[in-house]
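Summary of structural features
Here is how the chains run, residue by residue.
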Amino acid sequence: MPDDVSKHGMWSSRLLFVLAAAGSAVGLGNLWKFPYITGENGGGAFVVVYLVCIALIGIPVMMAEVMLGRAGRQSPINTIRALTERAGGDAWWPLIGWMGVVAGFLILSFYAVIAGWAIFYIFRLARGEFDGTDGSGANDAFNNFLAEPLEVTLWHTVFIAATVFIVARGVVGGLEVAVRWLMPVLFVLLILLVGYAAIYGDFAQGFSFLFSFDADKLSVGGVLTAMGHAFFTLSLGMGAIMAYGAYVPANTSIGTTAVTIAVLDTVVALAAGLAIFPIVFATPGLEPGTGPGLLFVTVPVAFGSLPLGAIVGAVFFILVSFAAVTSAISLTEPAIAFLVEEYNAKRPRVAITIGAACWLLGIGSVLSFNVWADVHIVGELTFFDFVDYVSGKILLPLGGLLIALFAGWVLPRAIAKEQLGLEQGWKWQVWTIGIRFVAPIGVVIVFAYTIYESAMA
Ligand code: PHE
């Protein structure tokens, strides 16, 4: 095999990598999670912390992941192992890769459940269930659905099966079509929704909820949530982007790519917010702090009142589901690539094994909204909350911190310079400061602040 390619395949172009990475980044994190956690955390100030984390921590870490992946050309575990050896670093650095595999596994388990909701909503809208519905109608419909574990499990299963099917076929096949065509359509529909919100919703209030900075509304937990979400939404801290980075052609500019993806991802999240909150404020019975159901009660209200709403709404949820699949695929890639490397296993078999395990764990999240609603793993956290917490607020930021330290302090400078294609200029300085100091110190400050404040409380 020539030196500079990965045995798992290569992106056929720079554009394809950008699309794949954007497909990984844009998903339920933008459309489902961002609006609902913004609603729970009081809006504007939370959004500001999130944006600052994207810019100061997310972008440097994304560059680091792509760079490490491309320098190693293997699964994150083996990439870090090889680079550690080359640098003569401590033998425990590959732990980053292992943590990432665990995080991806935990995330996919609940991600698939929520994506299952989205698939079910395709059919719900298509059959006109929401024509003329109001806030309380949409709420009831959602709660009645969640109360049925078997039905929720069915759609969870459908999503896992779809993901396994695509993953089994390899990274490049299947993914290209999905991202090249569906992403732009999703974007158009999102704009349509924002337009609806601007005309029929309370746009002014929605806008000010999202963008007016009121520090009093931000809790300590909110700061950690915002930082964790910056990692989650950009697919960082668990090796997904590192795994994809391994398939990047040598001549791709890493900096430009990372900034492009981060901007795209942020625009989609803000557009989702601009679509959803005006509807929330204009509809009796809906409120920003509804929780995980927010997307599923606001969007049906909007489409339910539009001509052709049933069909356009169904298309919207088709696109949400596709956005979720392209993210789910990337959640499995670090583990799949590793198993293929270590055991020479065939992708389909590995994909089925991982899918089955995530499916099983996902049942815990299915039950968290009905049978186990009152079962708390720690404190007030249901099983779903717990898995979400451990993966999104602990493992991803911790993984990101270690990746930054590894890329900034352990990786030989010559490799970084060559990978980034930067000579001594100011860009190199900015990146060095970002990855060595700003990103790691940022994560540590948020962790320390959270621990300190909760110990004081
Ligand atoms: N970024 C994806 C989203 O926003 C979720 C994800 C997290 C994917 C971590 C890969 C790794 O939906």
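Keep in mind the model is a prediction, meaning the values are calculated, not measured.

Another point: the overall build of the protein. Each helix and strand counted, the protein has 18 helices and zero strands in total. Dimensions of the protein, computed from the C-alpha atoms along their principal axes, are close to 65 × 50 × 40 Å. For the protein, the proportion of its 457 residues judged to be buried stands at 59%. In the protein, 83% of the contacts between residues at least 6 apart in sequence involve partners at least 24 apart. As presented, the protein carries roughly 17,400 Å² of accessible surface, and 67% of it is formed by carbon and sulfur atoms. Here the protein carries 20 positive and 28 negative side-chain charges, and the mean point of each set is 14 Å from the other.

Take the nonpolar core next. By size, the foremost hydrophobic cluster in this structure holds 161 residues, and its most contacted members are W32, W117, F296, F316 and F317. Looking at this core element by element, the count peaks at 19 residues for helix α5 (residues 95–126). If we skip the residues at most four places from it in the chain, F296 touches W32, I114, W117, A118, Y121, F142 and F317.

A separate point is the site of the ligand. Taken together, 15 residues lie near the ligand, and A25, G29, Y111, F232 and S235 sit nearest. In the model, an oxygen atom of the ligand is placed 2.9 Å from a nitrogen or oxygen of the A25 main chain. Between the ligand and the protein, one listed contact pairs a nitrogen atom with a backbone N or O atom of T233 at 3.2 Å. Looking at the shell around the ligand, the elements that each hand over two or more residues are α1 (14–25), α2 (28–40), α10 (220–233) and α14 (309–343). By residue class, the composition of the shell around the ligand is seven nonpolar, eight polar and no charged.

This paragraph deals with the packing of aromatic side chains. Overall, the coordinates contain 35 aromatic pairs when judged by the stated rule. With a centroid separation of 6.2 Å and an interplanar angle of 45 degrees, the aromatic rings of Y111 and F232 are classed as tilted. Placement of the pair is Y111 in helix α5 and F232 in helix α10, with a sequence separation of 121 residues. Taken individually, Y111 and F232 each receive the classification buried, so the pair is uniform in this respect. Taking the centre distance of 4.8 Å and the plane angle of 45 degrees together, the rings of F209 and F277 count as tilted. Taken together, the residues span a long stretch of sequence, with F209 in helix α9 (residues 203–211) and F277 in helix α12 (residues 254–282) at a distance of 68 residues. You can call F209 buried: its relative accessible area is 12%. Positioned above the aromatic ring of F232, the side-chain terminus of K33 is 4.2 Å from the ring centre. Over the ring of W409 we find R436; its NZ or CZ atom is 4.1 Å from the centre of that ring.

It is worth spelling out unusual backbone geometry at this point. Of note in the backbone geometry, R73 takes a positive phi value of approximately 60 degrees without being a glycine. Counting through the fold element by element, R73 comes out in the loop between α3 (44–72) and α4 (76–87). A positive phi angle, near 60 degrees, is found at S235, a position not held by glycine. Of the residues examined, S235 reaches a relative accessible area of 10% and is grouped as buried.

Quick notes on the rules
Residues numbered from 1 in each chain as written. Predicted model: local features only at pLDDT ≥ 70, side-chain atom pairs only at ≥ 80, totals over all residues. Heavy atoms only, no water. Helix = DSSP H or I, 4+ residues; strand = E, 2+ residues; numbered from the N terminus. Buried < 20%, exposed > 50% of the residue type's maximum accessible area, 1.4 Å probe, protein only. Contact = heavy atoms within 4.5 Å. Areas by Shrake-Rupley, 256 points an atom, 1.4 Å probe, with all protein chains shown as cover. Lys, Arg positive; Asp, Glu negative; His and termini not counted. Charge placed at Lys NZ, Arg CZ, Asp CG, Glu CD. Core = buried A, V, L, I, M, F, W, Y, C linked by side-chain atoms within 4.5 Å. Near = heavy atom within 4 Å. Polar contact = N/O pair within 3.5 Å; in protein donor to acceptor, adjacent residues only side chain to side chain. Nonpolar A, V, L, I, M, F, W, Y, C, P; charged D, E, K, R; others polar. Phe/Tyr/Trp six-rings, centres within 6.5 Å; stacked < 30°, edge-to-face > 60°. Lys NZ or Arg CZ within 6 Å of the ring centre and 35° of its normal.

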